Amino acid sequence: MKTIQYREALREAMSEEMRTDENVFLMGEEVAEYNGAYKVSQGMLDEFGDKRVIDTPIAELGFAGIGVGASMNGLRPIVEFITWNFAILAADQIINSAAKMLQMSGGQYHCPIVFRGGNGTAGQLGATHSQSFEAFYAHVPGLKVITPSTPYDAKGLLKSAIRDSDPVVFLESEKMYGDKGEVPEGEYLIPIGVADVKRKGHDVTIVSFGKIIKVAHEAAAALEKEGVSCEIIDLRTVRPIDYAAVVESVKKTNRCVVVEESWPLASISSEIAYHLQRYAFDHLDAPVMRVTQTDTPFAFSPTLIDEALPNVARIIEAVNTTLNRN
């Protein structure tokens with residue numbers, strides 16, 4: 001094993017796949033000459049040249065469309081958005097072209113393309129630059145949606161995404177690019193749609209994904225000092241969702257709290273809560289609790305940011321509610 005940054009794990013995944021398959025290429029704003037806005041693609045232009053690491057104009061709809069067309073003709077593009085907030089401009093190509101192409105062509109055209117970039121909050125960037133898009137894209141049939149929380153998961157899942165025959169939305173976090181973690185020395189893949197038990201416990205199941213997993217771990221550590229044992233399930237993929245892993249955990253703990261960075265209405269946590277009441281009702285000893293971002297546009301004020309996002313105190317309160325400890 002070796003310890004590398006989250007950004008390095010992503011770079012290794014892309015570089016390994018580009019060495020293996022000449023049809024894989026990277027395109028996006030500042031990915032080449034500038035080595036990537038967050039230095040994810042550092043050194044890749046030097047290795048692969050400007051035919052396979054391509055700087056694009058500031059025109060998300062345009063270069064996303066080029067990527068979709070390339071994927072329909074046998075290539076495997078990786079399309080980087082500096083932030084998924086900017087990818088709203090490319091949503092027509094992602095949702096109306098990439099996601100629907102296989103069905104609308106009667107199975108004639110696959111669309112093996114990865115759309116990736118920074119997602120969610122990243123400090124004081126205001127309401128239009130701080131949105132979390134997991135549920136937004138998970139709502140769309142034809143897309144696979146991945147949001148890894150560690151360098152290990154990021155590398156293994158990105159390699160699987162690049163090899164997949166369907167369009168994949170790969171949601172990273174600007175706040176995680178410098179995070180460090182262990183990854184194997186050799187090549188490895190993580191299958192899409194398989195959750196991971198990040199922490200074992202027996203009193204309550206905490207389900208989360210992405211960078212908020214770190215907050216869940218902080219809450220679980222604090223609760224352990226109070227004698228509460230939390231099991232943490234990292235979904236890793238929010239379309240498809242590994243429902244079986246969540247149900248099996250709840251059969252053991254009999255309680256569940258779902259934590260996510262995005263808004264509460266039509267959220268991933270809503271979906272998990274529905275599934276548990278439908279398929280694990282007899283195992284639940286308390287209602288499923290949710291901890292989400294507040295139902296408001298995101299603030300610029302640091303004080304309001306702290307209030308808006310899921311935090312340790314809110315998670316502990318939700319866990320205590322399921323345990324009837326409040």
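Here is a short report on the structure shown in this document.

Conventions we followed
- Residues numbered from 1 in each chain as written.
- Predicted model: local features only at pLDDT ≥ 70, side-chain atom pairs only at ≥ 80, totals over all residues.
- Heavy atoms only, no water.
- Helix = DSSP H or I, 4+ residues; strand = E, 2+ residues; numbered from the N terminus.
- Rg over C-alpha atoms; globule rule 2.2 N^0.38 Å.
- Contact = heavy atoms within 4.5 Å.
- Lys, Arg positive; Asp, Glu negative; His and termini not counted.
- Charge placed at Lys NZ, Arg CZ, Asp CG, Glu CD.
- Buried < 20%, exposed > 50% of the residue type's maximum accessible area, 1.4 Å probe, protein only.
- Phe/Tyr/Trp six-rings, centres within 6.5 Å; stacked < 30°, edge-to-face > 60°.
- Lys NZ or Arg CZ within 6 Å of the ring centre and 35° of its normal.
- Axes fitted to C-alpha atoms, helices over the stretch in contact; angles between N-to-C directions.
- Parallel < 35°, antiparallel > 145°, perpendicular 65-115°, else oblique.
- Left-handed = near helix turned anticlockwise from the far one by under 90°.
- Nonpolar A, V, L, I, M, F, W, Y, C, P; charged D, E, K, R; others polar.
- Pairing = 2+ DSSP bridges.

## Here's the deal with the overall build of the chain
Across its full length, the chain carries 12 helices and 14 strands. Against the globule reference of 20 Å for 326 residues, the chain gives a C-alpha radius of gyration of 20 Å, in line with a compact fold. C-alpha extents for the chain along the principal axes are approximately 60 × 45 × 40 Å. Excluding contacts between residues fewer than 6 apart, the proportion of contacts in the chain whose partners are at least 24 apart in sequence is 80%. Separation of charge centres in the chain, based on 31 positive and 44 negative side chains, amounts to 3 Å.

## Considerations on the side chain of E172
Residue placement: E172 occurs in strand β7 (residues 168-172). In this structure E172 comes out as buried when scored by relative accessible area, which is 2%. Apart from residues lying up to four places away in sequence, E172 is in contact with Y6, L10, R116, G117, G118, N119 and Y177.

## With respect to the packing of aromatic side chains
Enumeration over the complete set of coordinates arrives at 10 aromatic pairs. Ring centres 6.1 Å apart and planes at 10° place the aromatic pair F81 and F115 in the stacked group. Separated by 34 residues along the polypeptide, F81 in strand β4 (residues 76-83) and F115 in strand β5 (residues 114-118) bring together distant segments of the chain. With a relative accessible area of 1%, F81 lands in the buried category. The interplanar angle of 75° and the centroid separation of 4.9 Å between the aromatic rings of F136 and Y137 together place this pair among those described as edge-to-face. Take Y137: its relative accessible area is 0%, and that puts it in the buried class. Here the aromatic residues F63, F81, W84, F115, F133, F136 and Y137 are joined through ring pairs into a cluster of three or more. Stacked on the ring of Y279, the Lys or Arg R278 has its end atom at 4.8 Å from the ring centre.

## Quick word on the packing of helix α9 (residues 243-253) against helix α10 (residues 268-279)
In the contact formed by α9 and α10, the axes pass within 10 Å of each other and the chain directions differ by 60°. Classified by the interaxial angle, the pair formed by α9 and α10 is oblique. Between α9 and α10 lies a crossing of right-handed hand. Contacts between α9 and α10 pair Y243, V246, V247 and V250 from the former with E271, I272, H275, L276 and Y279 from the latter. In terms of residue class, the contact of α9 with α10 is made up of seven nonpolar, one polar and one charged.

## Points about the environment of L102
Summarising the element assignment, L102 is placed in helix α5 (residues 101-104). Taking the C-alpha atoms as reference points, L102 and G142, separated by 40 residues in sequence, lie 8.1 Å from one another. What L102 contacts, discounting residues up to four positions off in sequence, is G107, Y109, H110 and D166.

## What about the sheet that holds strand β3 (residues 53-55)?
The strand order β3-β2-β4-β5-β7-β6-β12 describes an open sheet built from seven strands, whose pairing is mixed. Edge positions in the open sheet fall to β3 and β12 (237-239), since each of these has one partner strand only. On average, adjacent strands in this sheet sit at an angle of 20° to one another, irrespective of strand direction. With two bridges connecting them, strand β6 (residues 144-146) and β12 associate as antiparallel partners. Considered in β12, the bridge of V145 is made with R239. This element, helix α7 (residues 151-163), spans β2 (24-28), β4, β5, β6, β7 and β12 of the sheet and lies at about 160° to β7.

## Thoughts on the environment of C111
Note that C111 resides in the loop between α5 and β5. C-alpha of C111 to C-alpha of V168: the two residues are 57 residues apart in sequence and 9.3 Å apart in space. Not counting residues up to four positions away in its chain, the partners in contact with C111 are V68, S71, A98, M101, S165, D166 and P167.

## A word on the pairing of β2
The buried fraction of β2 amounts to five of the five residues, a majority that puts the element mostly inside the structure. Where burial is concerned, the two faces of β2 agree: the one with V24, L26 and G28 and the one with F25 and M27 are both buried. Pairing of β2 with β3 involves three bridges; the strand directions are parallel. The residue of β3 that forms the bridge with L26 is V53.

## Some details on unusual backbone geometry
In most cases, non-glycine residues show a negative phi, while peptide bonds are predominantly trans. Here the residue pair R239 and P240 is connected by a cis peptide bond, since its omega of 0° sits within 30 degrees of zero. A positive phi is found at E30, a non-glycine position, where the angle reads about 70°. Within the secondary structure, E30 sits in the loop between β2 and α2 (44-48). Using a relative accessible area of 36% as the deciding quantity, one classes E30 as partly exposed. In this model, N254 sits at a positive phi of 70°, which is unusual for a non-glycine residue. By the element assignment, N254 lies in the loop between α9 and β13 (256-259).

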